[in-house]
Amino acid sequence: MKVFLWRHNRKFHSWSMMNEPNIHQDFYTDAIAAVVAETMDEALILLTKEHGWIAEELQRLEPQIYELDKPKVLLQVVQGN
């Protein structure tokens with residue numbers, strides 16, 4: 001099994017980024033999705049089934065992929081004001 005981690009931040013989004021992906025149906029500034037699956041296709045199916053994620057837009061981003069073969073830190077988030 002693998003962990004597929006997608007992250008998209010629109011904090012500095014501007015009109016110059018018209019082709020920027022829109023990976024979720026809701027308005028967001030920072031969107032993070034982590035899915036455990038065998039393949040990326042399976043991860044996309046699980047994620048987009050009922051959760052508001054948009055598969056076509058997620059495919060425009062390269063997810064971080066982690067093998068679940070040994071202990072490791074997958075995600076750390078530190079947010080400021």
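Structure: above.
Source: prediction; values computed, not measured.

Conventions adopted
Residues numbered from 1 in each chain as written. Predicted model: local features only at pLDDT ≥ 70, side-chain atom pairs only at ≥ 80, totals over all residues. Heavy atoms only, no water. Helix = DSSP H or I, 4+ residues; strand = E, 2+ residues; numbered from the N terminus. Buried < 20%, exposed > 50% of the residue type's maximum accessible area, 1.4 Å probe, protein only. Polar contact = N/O pair within 3.5 Å; in protein donor to acceptor, adjacent residues only side chain to side chain. Contact = heavy atoms within 4.5 Å. Salt bridge = Lys/Arg side-chain N within 4 Å of Asp/Glu carboxyl O. Core = buried A, V, L, I, M, F, W, Y, C linked by side-chain atoms within 4.5 Å. Patch = residues over 30% accessible without salt bridge, like charges linked within 9 Å, V, L, I, M, F, W, Y side chains within 5 Å. Areas by Shrake-Rupley, 256 points an atom, 1.4 Å probe, with all protein chains shown as cover.

**Q** What is the right way to look at the side chain of His24 in this model?
**A** Checked against the element boundaries, His24 lands in the loop between β1 (2-9) and β2 (30-37). Classification of His24 as buried rests on a relative accessible area of 12%. Within the local environment of His24, its side chain forms a polar contact with the backbone nitrogen of Asp26, the two atoms lying 3.0 Å apart. Of the polar contacts made by the side chain of His24, one reaches the backbone oxygen of His51; its length is 2.9 Å. Not counting the four nearest positions on each side in its chain, His24 is found in contact with His51, Gly52, Trp53 and Ile54.

**Q** Would you explain the pattern of salt bridges in this entry?
**A** Two side chains with opposite charge may pair up if their charged atoms get near one another. Counted under the stated rule, the structure contains 4 salt bridges. One salt bridge in this structure joins Arg60 and Glu57, with 3.0 Å as the shortest N-O distance.

**Q** How should I be thinking about the nonpolar core in this particular structure?
**A** Nonpolar side chains in soluble globular proteins tend to end up buried together. In this structure, Trp6, Ile23, Val35, Ala43, Leu47, Trp53 and Leu58 are the most contacted members of the largest nonpolar core, which totals 14 residues. Residue assignment for this core shows that the elements contributing at least two residues are β1, β2 and α1 (40-48). No other element matches β2, which puts 4 residues into this core. Beyond its immediate chain neighbours, meaning those up to four positions away, Leu58 contacts Trp6, Ile23, Leu44, Leu47, Thr48 and Trp53.

**Q** Teacher, can you tell me more about a nonpolar patch on the surface here?
**A** Taken together, the side chains of Met1, Ile32, Val36, Leu68, Leu74, Leu75 and Val77 present a nonpolar region at the surface, about 560 Å² in accessible area. Mapped onto the fold, Leu74 is located in the segment after β3 (64-67).

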